[in-house]
Amino acid sequence: MNQWAFVLAAFGVMAGGTGGLLAWSWPAMRSAEAKAEALGKRR
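Residues numbered from 1 in each chain as written. Predicted model: local features only at pLDDT ≥ 70, side-chain atom pairs only at ≥ 80, totals over all residues. Heavy atoms only, no water.

A contiguous nonpolar surface patch, about 330 Å² in accessible area, is contributed by Leu-22, Trp-26 and Met-29. You can see Trp-26 is positioned in helix α1 (residues 3–42). (Patch = residues over 30% accessible without salt bridge, like charges linked within 9 Å, V, L, I, M, F, W, Y side chains within 5 Å. Areas by Shrake-Rupley, 256 points an atom, 1.4 Å probe, with all protein chains shown as cover. Salt bridge = Lys/Arg side-chain N within 4 Å of Asp/Glu carboxyl O. Helix = DSSP H or I, 4+ residues; strand = E, 2+ residues; numbered from the N terminus.)

Encoded structure:
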């Protein structure tokens, strides 16, 4: 079997994992920023 199929599959898995990590971390970052902002305004 051609090795390029495995190379492309590895890139696909990597791109999917990166996209999943971004989709998970972006809302978490926004939530943490909002909480930090609210904490700063309380003082």
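This part is about the environment of Gln-3. On the secondary structure map, Gln-3 appears in helix α1. For Gln-3, a relative accessible area of 49% puts it in the partly exposed group. Sequence spacing of Gln-3 and Ala-23 is 20 residues, and the spatial spacing of their C-alpha atoms is 30 Å. (Buried < 20%, exposed > 50% of the residue type's maximum accessible area, 1.4 Å probe, protein only.)

Bear in mind that shape data such as this cannot, by itself, settle questions of function.
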